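The chain contents come next:
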Amino acid sequence: MTSDAVTTGKRVPWVVGVSGASGTPYAAAVLRALLAAGESVDLVVSRASRLTLLDETGIAFRDAHWQGDLREWLARGADGKPDAFAVEGADGSAVRYWPAGDLAAGPSSGSYPVKGMLIVPASTACVAGVALGLSKDLLQRAASVTLKERRPLVVAVRETPLSGQTLRQLVALDEAGAVVLPASPGFYAGATHIQELVDFVAGRVLDAAGVPHTLYRRWKGQLGGGAAPETTPGVPDRAGDAPA
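Within any chain, residue numbers begin from 1 and follow the written order of that chain's sequence. For a predicted model such as this one, the threshold for reporting local features is a pLDDT of at least 70, and the threshold for listing and counting side-chain atom pairs is 80 or more; totals across whole chains, interfaces and linings nevertheless cover every residue. As a convention, hydrogens and water are excluded, and side-chain values are obtained from all of the structure's heavy atoms.

Asks: Describe empty space enclosed by the protein, and please don't skip the residues or the numbers.
Replies: Think of a 1 Å grid over the protein atoms and nothing else: a 1.4 Å probe that fits but is trapped marks a cavity, an open set flanked by protein within 12 Å on at least five of seven lines marks a pocket, and residues with an atom within 4 Å of a point count as lining. Grid points are joined across faces, edges and corners, and a volume is the space filled by probe spheres set on the points. Overall, the coordinates contain one cavity of 30 Å³ or more when judged by the stated rule. By volume, the largest cavity amounts to about 30 Å³. As for the largest cavity, its lining consists of Val-15, Pro-107, Ser-109, Tyr-112, Val-114, Ala-142, Val-145, Thr-146 and Arg-151. In this description a helix means any DSSP run of H or I spanning at least four residues, a strand means any run of E spanning at least two, and both kinds are numbered starting from the N terminus. For the lining of the largest cavity, the element with the highest residue contribution is helix α6 (residues 138-148), accounting for three residues. Looking at the lining of the largest cavity residue by residue, the class counts come to six nonpolar, two polar and one charged. Three classes are used, and their members are as follows: Ala, Val, Leu, Ile, Met, Phe, Trp, Tyr, Cys and Pro are nonpolar, Asp, Glu, Lys and Arg are charged, and the others, Gly among them, are polar.

The following block contains the structure:
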């Protein structure tokens, strides 16, 4: 049983929306960390993101086989190697999957209890739809509900360069209460592997949501600390955890 179920007696998930932007490893890292933290997840995978996932990983995400496809996706490293991670909880006990076309799904209503929503990665089309209050699919509708209910919304936008129109839409999201979090990895944590750069962004998403994790080495106010071995008790050596 997940931690939120233990404390409240009922399931209160995070909604994770995956849009069609490049960056499906970011979504996988966030999902793995949420499950590792004992959180429940309501997953919405847009139609465009299925094409991106197929292109970036070779995995076809199917409604009828979503549990097996999800486990295969989460087990894959950012470098494309399969079975890089042991995945636990990626089934109906912790994850509930809603098809993007299901506008009658739970997250489409403000009365459906959730902790908030994380859109990882967020395409510019997704940003525009949420900023304008559109509900062309469940992902956009769930984001609009999150904003109107004043729940946390983290938008991990993944695009470069950004047009003036998209910048204005991001400002509108910020003014509406969302956290705009560009998928921009930092290098001060001493990353030596692509997975660590992905985990840095995923960790910042979880920081914005207030979910504890050990995905990256935090700044300690010491120059050159990123090049030194990690010695903090209880914090894993991310380079050692990452696939070779």
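Asks: Could you give me a rundown of the sheet that holds strand β3 (residues 95-99), with the residues and numbers involved?
Replies: We call two strands paired when DSSP finds no fewer than two bridges between them. Strand order in the open sheet made by the six strands is β3-β2-β1-β4-β5-β6, with parallel pairing throughout. Strand pairing shows two members of the sheet lacking a second neighbour, β3 and β6 (179-180), which therefore form its edges. The pairing of strand β2 (residues 41-45) with β3 spans five bridges and is classified as parallel. Pairing of Asp-42 across the sheet is with Arg-96, part of β3.

Asks: Please give an account of a nonpolar patch on the surface that cites residues and values.
Replies: Together, Tyr-188, Trp-219 and Leu-223 give the surface a local cluster of nonpolar side chains, amounting to about 400 Å² of exposed area. Residue placement: Tyr-188 occurs in the loop between β6 and α8 (194-209). A residue counts toward a patch only above 30% relative accessible area and without a salt bridge, and it is joined to like-charged neighbours within 9 Å or, for Val, Leu, Ile, Met, Phe, Trp and Tyr, to nonpolar neighbours within 5 Å. To be clear on the numbers: accessible area is Shrake-Rupley with a 1.4 Å probe, and residue cover counts the displayed protein chains and nothing else. Salt-bridge detection follows one rule: a side-chain nitrogen of Lys or Arg within 4 Å of a carboxyl oxygen of Asp or Glu.

Asks: Residues and numbers for the packing of aromatic side chains, please.
Replies: Only centres within 6.5 Å qualify two rings of Phe, Tyr or Trp (six-membered ring in Trp) as a pair; their planes then separate them into stacked at under 30 degrees, edge-to-face at over 60, and tilted for everything else. Tallied over the full model, the rule gives seven aromatic pairs. Measuring from centroid to centroid gives 6.3 Å for Phe-61 and Trp-73, while their planes differ by 80 degrees, and the two rings are edge-to-face. One end of the pair, Phe-61, is in the loop between α3 (47-57) and α4 (66-75); the other, Trp-73, is in helix α4, with 12 residues separating them in the sequence. For every residue, the accessible area (1.4 Å probe, protein chains only) is compared with the maximum for its type, and the residue is labelled buried under 20%, exposed over 50%, or partly exposed between those bounds. For Phe-61, a relative accessible area of 4% puts it in the buried group. In this structure Trp-73 comes out as buried when scored by relative accessible area, which is 2%.

Asks: So, the nonpolar core: which residues are in play, and what are the values?
Replies: Buried Ala, Val, Leu, Ile, Met, Phe, Trp, Tyr and Cys residues that are joined via side-chain atoms within 4.5 Å together make up what is termed a nonpolar core. Core analysis: the biggest nonpolar cluster contains 43 residues, and Leu-34, Leu-43, Phe-61, Leu-70, Trp-73 and Leu-118 have the highest contact counts within it. Where this core is concerned, the elements lending two or more residues are β1 (14-18), α2 (24-36), β2, α4, β3, β4 (116-122), β5 (153-157) and α8. The greatest single-element share of this core, amounting to nine residues, is contributed by α2. Discounting residues that sit within four places of it in the chain, Leu-70 has contacts with Leu-31, Leu-43, Phe-61, Ala-90 and Val-95. Only heavy atoms matter for contacts: two residues are in contact if any of them lie within 4.5 Å across the pair.

The quantities given are spatial measurements derived from coordinates; they are silent on function.
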